[in-house]
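Residues per chain are reported as follows:
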Amino acid sequence: MTEALTLDKQKTKKGTADFPIFDALASREHEQIVICSDPENGLKAIIAIHDTTLGPALGGTRMWNYNSEEEALRDVLRLSRGMTYKAAISGLNLGGGKAVIIGDPHKDKNEALFRSFGRFVDGLNGRYITAEDVGMEERDMEWVFSETKYVTGIPKSLGGSGDPSPVTAFGVYMGAKACAKKAYGSDSLEGKKIALQGAGHVATYFARHAAKEGAKLYVSDIYEDKANELAKEVGAKVVDPDSIYGLDVDIYTPCALGGVINDDTMDQFKCDIIAGGANNVLEDEDKHGKELVKRGIIYAPDYVINAGGLINVSGELEGYNEERAHKKAERIYDTILDILKYSEENDVPSHVASNILAEQRIAKVGKIHTVYSSKGHFSGRAGEMYLSDRR
Ligand code: NAD
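Residues numbered from 1 in each chain as written. Predicted model: local features only at pLDDT ≥ 70, side-chain atom pairs only at ≥ 80, totals over all residues. Heavy atoms only, no water.

### As for the sheet that holds strand β10 (residues 237-238)
Strand order in the open sheet made by the 6 strands is β10-β9-β8-β11-β12-β13, with parallel pairing throughout. Strands with a single pairing partner mark the edges of an open sheet, and in this sheet they are β10 and β13 (298-299). As judged from the 2 bridges shared by strand β11 (residues 251-254) and strand β12 (residues 273-274), these two strands associate in the parallel manner. Bridge pairing links Y252 to I274 in β12. (Pairing = 2+ DSSP bridges. Helix = DSSP H or I, 4+ residues; strand = E, 2+ residues; numbered from the N terminus.)

### Points about helix α2 (residues 69-89)
Here α2 is 21 residues long and its end C-alpha atoms lie 31 Å apart, about the 30 Å a rise of 1.5 Å per residue gives. In the segment just after α2, G91 is the residue with positive phi, at about 75 degrees. (Expected span 1.5 Å × (residues − 1).)

### Section: the packing of helix α6 (residues 201-212) against helix α7 (residues 224-234)
In the contact formed by α6 and α7, the axes pass within 10 Å of each other and the chain directions differ by 20 degrees. When the axis of α6 is compared with that of α7, the two are roughly parallel. In terms of crossing hand, the pair formed by α6 and α7 is right-handed. Facing A203, T204, A207, R208 and A211 of α6, the residues of α7 in contact are L230, E233 and V234. Residues of the contact of α6 with α7, tallied by class, amount to 5 nonpolar, 1 polar and 2 charged. (Axes fitted to C-alpha atoms, helices over the stretch in contact; angles between N-to-C directions. Parallel < 35°, antiparallel > 145°, perpendicular 65-115°, else oblique. Left-handed = near helix turned anticlockwise from the far one by under 90°. Contact = heavy atoms within 4.5 Å. Nonpolar A, V, L, I, M, F, W, Y, C, P; charged D, E, K, R; others polar.)

### Focus on the domain arrangement of the protein chain
We note that the domain assignment places domain 1 (3-86 + 95-157) and domain 2 (166-355) within the protein chain. Here domain 1 and domain 2 have C-alpha centroids that lie 29 Å from each other. Each partner contributes to the interface: domain 1 provides 11 residues, whereas domain 2 provides 11 residues. Regarding the contact of domain 1 and domain 2, the summed buried area is about 930 Å², with carbon and sulfur atoms giving 68% of it. Between E322 and K156 there is a salt bridge; the shortest N-O distance is 3.3 Å. For the pair domain 1 and domain 2, the number of links is 3 residue pairs in polar contact (both at pLDDT 80 or more). Broken down by class, the residue content of the side of domain 1 that touches domain 2 amounts to 6 nonpolar, 2 polar and 3 charged. (Domains from an automatic or database assignment. Buried area = accessible area lost by both parts, 1.4 Å probe. Salt bridge = Lys/Arg side-chain N within 4 Å of Asp/Glu carboxyl O. Polar contact = N/O pair within 3.5 Å; in protein donor to acceptor, adjacent residues only side chain to side chain.)

### A closer look at the pattern of salt bridges
Under the definition given, this model contains 27 salt bridges. Among the ionic pairs, R139 bridges to D140, the shortest N-O distance being 3.4 Å.

### Structural notes on the site of the ligand
Taken together, 20 residues form the shell around the ligand, and within it T168, H201, V202, D221 and K226 come nearest. With respect to the ligand, the side chain of H201 contributes an N or O atom lying 2.7 Å from an oxygen atom. Within the backbone of G277, one N or O atom sits 3.2 Å away from an oxygen atom of the ligand. Within the complex, 75% of the 830 Å² of free accessible area of the ligand lies under protein. When residues of the shell around the ligand are traced back to their parent elements, those giving at least two are α5 (165-184) and α6. Along the lines of polarity and charge, the residues of the shell around the ligand split into 8 nonpolar, 10 polar and 2 charged. (Near = heavy atom within 4 Å. Areas by Shrake-Rupley, 256 points an atom, 1.4 Å probe, with all protein chains shown as cover.)

### Brief notes about the confidence of the model for the protein chain
Here the protein chain averages 91 in pLDDT, and 91% of its residues register 70 or above. The low-confidence segment residues 1-16 (pLDDT under 50) makes 38 contacts with residues lying over four places distant or belonging to another chain. Low pLDDT, under 50, characterises residues 378-382; the stretch is placed with 8 contacts to residues that sit more than four places away or in other chains. (pLDDT = per-residue confidence, 0-100.)

### As for the environment of V121
Positionally, V121 belongs in helix α3 (residues 111-123). Judged by relative accessible area, which is 0%, V121 ranks as buried. Along the primary structure V121 and Y150 are separated by 29 residues, whereas in three dimensions their C-alpha atoms are 7.1 Å apart. (Buried < 20%, exposed > 50% of the residue type's maximum accessible area, 1.4 Å probe, protein only.)

Here it is, written out as structure tokens:
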């Protein structure tokens, strides 16, 4: 039998003995969690909706072999909150949500599991809109999509926006230019030395923009052939993965993995700017964010500069248009400049500044809903109309 247990603030006041669920929800202001259980098909999933002030909660579904249910719950609460901030600072009319499926992505996948999950998503009637995240593949998302229209980031062949990397990379490029403007008074990357970590999707598109503008690129990847291929295309120099941090460059652009700004790498940096596409680059947000300020390194907060991917999939809610997605991602330039200005004027690290500005937008835009309008919530309506047409 399949059933969803929806826990929200109104229904129960007591948490469980082991994990105080309602305290956890209240402390970070989550609205709702939905626990999805379908034992026959092996489905154990949690959907977390953090905040829907600005619009429906959008965020990917992650499939991961968590060590415990508590670990999965903590992860989904953390990730969904991050999506609220990302959408808000990016000027999108979206809230923050995320889902996790507990299971081994190499062993536990099957059609019924994903279709069952899709029905849980559908049951939320658009309060949560999902997308692909770690551990999920195109085929899995197609199964989810066969049961619910509340899916974004689907292939172009199915009416979606396809690979988000080009728009993500364009946003990173615009963000790096904004940082250059702040550091050097000009946003030109001509002649600027850039250390690019990773030679994958985002790095490749970024490198093309930067090379076209005349930047001098250094590229590293754990797969040497990937680094060689990209270097050949854009005229870059290949460097060893371990030496990327200490290069004497203007900009370090992490486009590989998280946690790369840490106790070991901090003293190696000689750059003026860190601006890249990778998620969660500060190993310890508070500590390493402050360390960068002390060293005078300008840091473009990761979730702001890499929001092109979210901007891209959110376009599906209005009817996807690639040019419009690029136009919206171009605004990352102004957003980063606003953040750096706030950071300087208020003497707070840039990642703190972006959190504050995101919260201010939620509070201000949230207030306009107190004014009656027959249109209701614009983004929700637009999304609903388009998503209905698509299937
Ligand atoms: P990708 O898998 O295409 O590329 C990552 C590359 O990094 C791979 O080539 C990999 O070999 C390399 N790599 C791994 N460890 C490395 C190391 N220690 N040193 C050097 N290279 C290493 O991934 P992607 O889609 O380009 O995404 C890159 C980063 O950007 C990820 O952190 C991702 O979460 C983030 N991101 C991507 C998007 C998007 O639209 N693709 C959106 C937002 C954030």
